[in-house]
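Residues per chain, in single letters:
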Amino acid sequence: MRKNDKIFIAGHRGMVGSAIWSALHAKGYTNLVGRNSLELDLRNQLAVSDFFSEEKPAVVIDAAARVGGILANNNNPFQFLMENMQIQNNLIDSSLKADVQKFIFLGSSCIYPKLAPQPLKEEYLLTGPLEPTNEWYAIAKITGVKACEAIRKQFGKDYISLMPTNLYGPNDNFDLTTSHVLPAMMRKFHEAKLAGERNGTTCSEPVKLWGSGSPMREFLFVEDLADAVVFALENEFKEYLYNIGTGTDLSIKELAELIQKTVGHTGDINWDSTKPDGTPRKLMDVTKMQQAGWKAKIGLEDGIKRTYEWFLKNQETFKEVKI
Ligand SMILES: NC(=O)c1ccc[n+]([C@@H]2O[C@H](COP(=O)([O-])OP(=O)(O)OC[C@H]3O[C@@H](n4cnc5c(N)ncnc54)[C@H](OP(=O)(O)O)[C@@H]3O)[C@@H](O)[C@H]2O)c1
Ligand SMILES: C[C@@H]1O[C@H](OP(=O)(O)OP(=O)(O)OC[C@H]2O[C@@H](n3cnc4c(=O)[nH]c(N)nc43)[C@H](O)[C@@H]2O)[C@@H](O)[C@H](O)[C@@H]1O
């Protein structure tokens, strides 16, 4: 990679894309290209093909997707399947036709079977049934992984897939219906704390969280993921699929207690059993990435503090994705 190679970051305004943009910029990559969804709808094949003919990027990072938490996935199966396939198919096909040499596809840990052994190794892909709340999204992502693998096999190009675990950090989606658990908890605890203060009591209002609190999840700070993407750009990998995570997890209940402490919420936590738990556990085996020379640096407590600082500074303008 040369520092002036043209790099197209699809989804550059999202949580992940914006972190990748900043990480590349900080490392001296000067030729970064981005388009938001109004400027270039990646579902539109002709528009994407024209964009590649005009811009001729050398490298493409696909951080554009229809993304959401457990309920958004469960309630909108068609959009999560179809939009993700459209976006990634157009990007991958146009990249191959435009002779893009390096392509990084971002998937998600939900591509692995619901009841696969833990921690999840890359080789468990397609060995069992998926988690029903997000199988639509998972199937779209699996087709993206396979498209990149097919290009590696047939054309010998450096197209790779990175599978991040659950992510969080600045620029996350804080909409209480469509978000992932970590930003949702942060906002709920914060607003319940403020409501208690407004009522003039010393105790925060209670918060309602989803499911039982017993599922286990792993969380990676988005700047760590961006660092992994830069590492993947600067190194040629031997295989087509690499997990990206921390290698440690905790229960949703433990996560709630950690965020509650960071925010300073002092009220009760109630669990809403009408909401789904999702997969019981999805912990990444990160051995392959560590052997390649990369590992996560930012601990969960530190990452949550940094995200809360960002949240406090951006309370008026944070993102709320509607579907
Ligand atoms: N968040 C997580 O926990 C997590 C975990 C594992 C993997 N990932 C992966 O990381 C990637 C990015 O996720 P994220 O959390 O950064 O999501 P995000 O904050 O919602 O960002 C998604 C980005 O995709 C763009 N996009 C969506 N539909 C588009 C379209 N039709 N045309 C053009 N652009 C479109 C959006 O553009 P606009 O800004 O213009 O709307 C936005 O920039 C995804 O591939 C996701 O699967 C995320
Ligand atoms: C990374 C993404 O993970 C997603 O799965 P997944 O971890 O269950 O998605 P999350 O929405 O992060 O939920 C994780 C766990 O947190 C619980 N939870 C508790 N309170 C809340 C809350 O207020 N909001 C939310 N959202 N959850 C909450 C939720 O029931 C579930 O057991 C997939 O649906 C996607 O496809 C993707 O793979």
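Residues numbered from 1 in each chain as written. Chains lettered and ligands numbered in written order. Predicted model: local features only at pLDDT ≥ 70, side-chain atom pairs only at ≥ 80, totals over all residues. Heavy atoms only, no water.

For the chain, an unreviewed UniProt entry supplies the name GDP-L-fucose synthase and the organism Algoriphagus aquimarinus. Comment text from UniProt for the chain, heading Catalytic activity (unreviewed entry), reads "GDP-beta-L-fucose + NADP(+) = GDP-4-dehydro-alpha-D-rhamnose + NADPH + H(+)". Of the comments in the UniProt record for the chain, the one headed Pathway (unreviewed entry) reads "Nucleotide-sugar biosynthesis; GDP-L-fucose biosynthesis via de novo pathway; GDP-L-fucose from GDP-alpha-D-mannose: step 2/2." (UniProt positions renumbered as here; feature names shortened; annotations may be inferred.)

## Quick notes on the packing of aromatic side chains
A full pass over the atoms with the stated rule returns 13 aromatic pairs. Where Tyr-308 meets Phe-311, the ring centres are 6.1 Å apart and the plane angle is 15°; that geometry is what we call stacked. Residue Tyr-308 and its partner Phe-311 are both found in helix H10 (residues 300-313); the two are separated by three residues, about one turn of the helix. No difference in accessibility class separates Tyr-308 from Phe-311, as the two residues are buried. Consider the rings of Phe-311 and Phe-318, whose centres lie 5.3 Å apart with planes at 15°: the pair is stacked. Exposure class is identical for Phe-311 and Phe-318. Each is buried. Through pairs of rings, three or more aromatic residues link up here, namely Phe-174, Tyr-308, Trp-310, Phe-311 and Phe-318. Above the ring of Tyr-29, the side-chain terminus of Lys-3 is found at 4.9 Å from the ring centroid. Across from the ring centre of Tyr-242, 4.8 Å away, lies the NZ or CZ of Lys-288, which sits over that ring. (Phe/Tyr/Trp six-rings, centres within 6.5 Å; stacked < 30°, edge-to-face > 60°. Helix = DSSP H or I, 4+ residues; strand = E, 2+ residues; numbered from the N terminus. Buried < 20%, exposed > 50% of the residue type's maximum accessible area, 1.4 Å probe, protein only. Lys NZ or Arg CZ within 6 Å of the ring centre and 35° of its normal.)

## A word on the UniProt feature "active site" (unreviewed entry) in the chain
Cross-referencing UniProt, the feature "active site" (unreviewed entry) maps to Tyr-137 in the present numbering. Topologically, Tyr-137 is positioned in helix H5 (residues 135-155). Given the relative accessible area of 10%, Tyr-137 is considered buried.

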